[in-house]
Amino acid sequence: MKYPNSLIQLIRELSRLPGVGPKGAQRLAFHLFKIPHEDVESLAEAITTAKALLKPCPICSNITDEEVCAVCSDLERDPYLICVVESPNDIIAIEKAGGFMGRYHVTHGVYSPMDGVGPERLGLDKLLARLQRDVRTGEVLDPSRFEVVVATSMTTEGEATASLVHHQVSALGATVSRLAYGLPNGAALEYMDEVTLGRAFNGRQRI
Ligand SMILES: [Zn+2]
């Protein structure tokens, strides 16, 4: 038996979503078929509303439905401390952990010239501009007052992104630091990969 065309179309669209394979798409499509019409409508409405309202923050590229994101509009935060992350999800994780009171810059990806992702796609021009001039007041700033913490992932591309940020930001005179990756809680040393272990050694602290 062949699926009806509309169902094939729905499965095809759903399987294009990240983390949803063909099997998952099939399951979701049948689920949508079973639930009440109103539930499907409110889901569709939530998707279109979010898509219409959400946009990148003009200052840090975090996702927001306000003029400026919640972090950038929080005046209690240290304006001279900027953490570079790959995605808005990373901001949620860092905020949950607590303790970081600076601001962010979201690259929405990693540096990968082979895939056509250069510095401009990562919004680095925006980051460099922030170190030189207050976006809102227009006041000229001294880049050497800034510390940029690079919190990109521990992958080859994440490391390449970190060194690109380091290169561009330090050229302006700002301090650049990289997160010291430690060992995961409850982890046994013998199972650690060498990159994690090497990082943990480099980031060791006096106790
Ligand atoms: Zn922002």
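Our structure's up above, just so we're on the same page.
Residue numbers run consecutively from 1 along every chain, following the written order of its sequence. Only residues with pLDDT of at least 70 are given local features in this predicted model, and only at 80 or more are side-chain atom pairs given and counted; all residues enter the totals for whole chains, interfaces and linings. Note that the side-chain values use all heavy atoms of the structure and ignore hydrogens as well as water.

Caption draft 1: Main features of helix α6 (residues 156–171). Under the scheme used here, helices are H or I runs from DSSP no shorter than 4 residues and strands are E runs no shorter than 2 residues, and both carry numbers assigned from the N terminus. The span you would expect from a helix comes to 1.5 Å times its residue count less one. Counted at 1.5 Å a residue, the expected span for α6 with its 16 residues is 22 Å, and the 23 Å between its end C-alpha atoms agrees. A simple rule labels every residue: compare its accessible area, found with a 1.4 Å probe on the protein chains alone, to the largest value its type can have, and call it buried under 20%, exposed over 50%, or partly exposed in between. Among the residues of α6, those classed as buried are G158, T161, A162, L164, V165 and V169. Projection of α6 onto a plane perpendicular to its axis shows the buried side chains occupying an angular sector of 165°, all on one side. Turned more than 90 degrees away from the buried face of α6, the exposed residues are T156, H167 and A171. Directions are taken from the helix axis to each C-beta atom, and the arc is the one they span.

Caption draft 2: Molecular detail of helix α2 (residues 22–34). Its 13 residues place the ends of α2 19 Å apart at the C-alpha level, agreeing with the 18 Å of an ideal helix rising 1.5 Å per residue. Along α2, the residues that are buried comprise G24, A25, A29 and L32. Across the axial projection of α2, the buried residues extend over an arc of 135°, all falling on one side. For α2, exposure combined with an orientation more than 90 degrees from the buried face picks out K23, R27, F33 and K34.

Caption draft 3: A look at the coordination of the zinc ion. Water is not part of the atom set, so a site may look incomplete; the donors themselves are N, O and S atoms within 2.8 Å of the metal, or 3.2 Å for Na, K and Ca. The protein atoms that coordinate the zinc ion are C57 (SG), C60 (SG), C69 (SG) and C72 (SG), at distances of 2.3 to 2.4 Å. Taken together, the 4 donor atoms coordinating the zinc ion and their angles of 102 to 115° define a geometry best described as tetrahedral. Between consecutive donor residues of the zinc ion, the sequence gaps follow C-x2-C-x8-C-x2-C. Judged by relative accessible area, C69 falls into the buried class, the value being 1%. Sites are called tetrahedral only when four donors show all angles between 85 and 135 degrees, square planar or octahedral only when four or six donors show opposite pairs over 155 degrees and all other angles between 65 and 115, and irregular in any remaining case.

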